[in-house]
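What follows is the residue order along each chain.
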Amino acid sequence: MIEIKHLKTLQALRTTGSLAGAAAHLHQTQSALSHQFSDLEQRLGFRLFVRKSQPLRFTPQGETLLQLADQVLPQIQQALQSCHEPQQTTLRIAIECHSCIQWLTPALDIFGSNWPRVAVDFKSGVTFDPQPALQQGELDIVLTSDILPRSGLHYSPLFDFEVRLVMAPDHPLAKKDVITPEDLSTETLLIYPVQRQRLDIWRHFLQPAGISLALKSVDNTLLLIQMVAAKMGIAALPHWVVESFERQQLIITKTPGEGLWSRLYAAVRDGEQRQPVTEAFIRSARQHACEQLPFVRDASRPAGQRNPAL
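Since the model is a prediction, treat every value here as computed from it, not as a measurement. (Residues numbered from 1 in each chain as written. Predicted model: local features only at pLDDT ≥ 70, side-chain atom pairs only at ≥ 80, totals over all residues. Heavy atoms only, no water.)

Draft legend 1. The arrangement of the confidence of the model for the chain in detail. Taken residue by residue, the chain gives an average pLDDT of 88. The fraction at 70 or more is 93%. Confidence drops under pLDDT 50 across residues 303-310; counting only partners more than four residues distant or on other chains, this segment forms nine contacts. (pLDDT = per-residue confidence, 0-100. Contact = heavy atoms within 4.5 Å.)

Next comes the structure, spelled out in structure tokens:
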């Protein structure tokens, strides 16, 4: 019989001291509020306050219900807030982008400080295929550049990045203004241990031109850069990954053809992208990456709103 809105109305009436003030406080008309009180009093069988009293006086029954409002409403507010905050839970994350670990680790620290009740379980491995594990419920989020069609997964854009050819400063191709797929036909391409079909440089630059070249797997970025600097091969990596090495003049980067851009996504099971913890992590990871990484574009914003200098 007593609803939450009635308790809130009683509190507003006490705070403002009049029906007119309570109506304004609650964004209602005075007439509507008066009818609400009359209807409630009729159903309860007693008066709640003395009409036309100055200052406004509550009846004993009204005072009793005010005490109830003071007890119950804060409890309701606390319960609702608790419903929006996660209980102890675990967010299971994996990456298909090997070099993402460079910015993901500090991003996880920031997320953890904002969501201390969420434990983050980070999974990795050179032979680990995360997206099927995500589909099967073994993971919650996968950072990837690959979209699987009809997968039952939702892909939230994080950022766009340019893929650059990486080579030693004195490599013969370093003097060329435009590098074609044919220029790479005799090169050894140093890659992370993934299938070549997942490499942007293979799918969008070499394969369309019918160029096949030697591939050599390297487990980590630092070793890969050292091998490039020693002219043991070339690589194709995101510009933000190699920017610091390029500033140290250990390597140089060149644009393949007319340019090659890719996009990093946060993949989740479709329907789970709006869960508070998942949504907060994606938003936090995107913001950290776009603020800290050079040469990336926020993929969640329209192209016209992105930084034109990137």
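There's more to say after this.
Draft legend 2. Inspection of the nonpolar core at higher detail. Trp103, Phe159, Leu184, Ile201, Leu206 and Phe281 are the most contacted members of the largest nonpolar core, which has 62 residues in total. Not counting residues up to four positions away in its chain, the partners in contact with leucine 184 are Leu165, Leu173, Ile179, Phe205, Leu206, Leu213 and Ile234. Grouped together as the second largest cluster of nonpolar side chains are 16 residues, Leu13, Leu33, Leu65 and Leu66 included. (Core = buried A, V, L, I, M, F, W, Y, C linked by side-chain atoms within 4.5 Å. Buried < 20%, exposed > 50% of the residue type's maximum accessible area, 1.4 Å probe, protein only.)

Draft legend 3. Seen up close, unusual backbone geometry. The omega torsion of the bond from glutamine 54 to proline 55 falls at -5 degrees, within 30 degrees of zero and hence cis. Even without being a glycine, arginine 150 presents a positive backbone phi close to 50 degrees. Inspection of the secondary structure assignment puts arginine 150 in the loop between β5 (141-144) and β6 (153-167). Note on arginine 150: relative accessible area 81%, which makes it exposed. (Helix = DSSP H or I, 4+ residues; strand = E, 2+ residues; numbered from the N terminus.)

Draft legend 4. Highlighting the UniProt feature "domain: HTH lysR-type" (unreviewed entry) in the chain. Residues annotated in UniProt with the feature "domain: HTH lysR-type" (unreviewed entry) correspond here to residues 2-59. Each end of residues 2-59 is marked by a C-alpha atom, and these two atoms are 17 Å apart; helix forms 60% of the span and strand 7%. (UniProt positions renumbered as here; feature names shortened; annotations may be inferred.)

Draft legend 5. Spotlight on the pattern of salt bridges. Under the criterion given, the structure shown has 18 salt bridges. The salt bridge involving arginine 47 is made with glutamate 41; its shortest N-O contact spans 3.1 Å. For glutamate 41, a relative accessible area of 6% puts it in the buried group. Lysine 176 is paired through a salt bridge with aspartate 183; the nearest N and O atoms lie 2.8 Å apart. Classification of lysine 176 by relative accessible area gives partly exposed; the value is 30%. (Salt bridge = Lys/Arg side-chain N within 4 Å of Asp/Glu carboxyl O.)

Draft legend 6. Representation of the packing of aromatic side chains in the model. According to the stated counting rule, one finds seven aromatic pairs in the structure shown. Ring centres of phenylalanine 111 and tryptophan 115 lie 6.2 Å apart, and the angle between their planes is 15 degrees; this geometry places the pair in the stacked category. Considering the side-chain rings of phenylalanine 159 and tryptophan 240, the 6.2 Å spacing of their centres and the 85 degrees angle between planes classify their relative orientation as edge-to-face. One end of the pair, phenylalanine 159, is in strand β6; the other, tryptophan 240, is in helix α9 (residues 239-247), and 81 residues separate them in sequence. Residue classification places tryptophan 240 among the buried residues on the basis of a relative accessible area of 5%. Among the aromatic side chains, those forming a connected cluster through ring pairs are Trp103, Phe159, Phe161 and Trp240. (Phe/Tyr/Trp six-rings, centres within 6.5 Å; stacked < 30°, edge-to-face > 60°.)

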